[in-house]
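What follows is each chain in one-letter form.
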Amino acid sequence: MRARLTNGEVVTLEKDCTCTAHEGPHWLHMDQMERAEASRAIKAQDLFELIFIDQARLQAKAWHMNRQGIVELIPEGPEVRQ
Ligand SMILES: [Zn+2]
């Protein structure tokens, strides 16, 4: 995953953990896992669960992005922008 910073620079987000199950930073992996949880909640029509998961997910994502001065995440390949 690449990211655009506040100064316009585009950088590649490096792996920051020892997990073997994913590439890139751990917080982005967690974000993707929680997004999958949220879509399960949508399918189950469990709106309280969905709101709970997604609110926490977006807060954590915003925190990590602010901390690193990221203004935009740029997925590699044909993935849809998040
Ligand atoms: Zn990890």
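Each remark here, short or long, concerns the structure printed above.
Residues numbered from 1 in each chain as written. Predicted model: local features only at pLDDT ≥ 70, side-chain atom pairs only at ≥ 80, totals over all residues.

A. Quick peek at the overall build of the protein chain. Helix and strand content of the protein chain: two helices and three strands. When its helices and strands are written in sequence order, the protein chain yields β-β-α-α-β. Along the first, second and third principal axes, the C-alpha atoms of the protein chain reach 40 × 30 × 25 Å. The 82 residues of the protein chain split such that 5% are buried. Within the protein chain, contacts between residues at least 6 apart in sequence are counted, and of these 40% link residues at least 24 apart. (Helix = DSSP H or I, 4+ residues; strand = E, 2+ residues; numbered from the N terminus. Buried ≥ 20, exposed ≤ 12 C-beta atoms within 10 Å, placed from the backbone. Contact = placed C-beta atoms within 7 Å.)

B. Region of interest: the packing of helix α1 (residues 26–43) against helix α2 (residues 47–67). Remark: α1 packs on α2, axes separated minimally by 9 Å, with the N-to-C direction vectors making an angle of 160°. On the basis of the axis angle, α1 is roughly antiparallel to α2. Note that α1 runs across α2; the crossing there is left-handed. Contacts from Trp27, Asp31, Glu34, Arg35, Glu37, Ala38, Ala41 and Ile42 in α1 reach Glu49, Leu50, Ile53, Asp54, Arg57, Ala60, Lys61 and His64 in α2. Residues belonging to the contact of α1 with α2 are distributed by class as follows: seven nonpolar, one polar and eight charged. (Axes fitted to C-alpha atoms, helices over the stretch in contact; angles between N-to-C directions. Parallel < 35°, antiparallel > 145°, perpendicular 65-115°, else oblique. Left-handed = near helix turned anticlockwise from the far one by under 90°. Nonpolar A, V, L, I, M, F, W, Y, C, P; charged D, E, K, R; others polar.)

C. Spotlight on the environment of leucine 58. Within the element layout of this structure, leucine 58 appears in helix α2. Taking the C-alpha atoms as reference points, leucine 58 and aspartate 31, separated by 27 residues in sequence, lie 8.1 Å from one another.

D. Unusual backbone geometry, seen in detail. Positive phi values are uncommon outside glycine, yet glutamine 45 reaches one of about 55°. Along the chain, the position of glutamine 45 falls in the loop between α1 and α2.

E. How the structure looks around the sheet that holds strand β1 (residues 2–5). Taken in spatial order, the three strands make up an open sheet running β2-β1-β3, and their pairing is antiparallel. Each edge of the open sheet is held by one strand with a lone partner, namely β2 (10–12) and β3 (70–74). Across the sheet, the mean angle separating the axes of adjacent strands is 30° when strand polarity is ignored. Where β1 meets β2, three bridges bridge the pair, whose relative direction is antiparallel. Directly across from arginine 4, in β2, lies its bridge partner valine 10. (Pairing = 2+ DSSP bridges.)

F. Main features of the environment of glycine 77. Mapped onto the fold, glycine 77 is located in the segment after β3. Along the sequence, glycine 77 and valine 10 sit 67 residues apart, while their C-alpha atoms lie 16 Å from each other.

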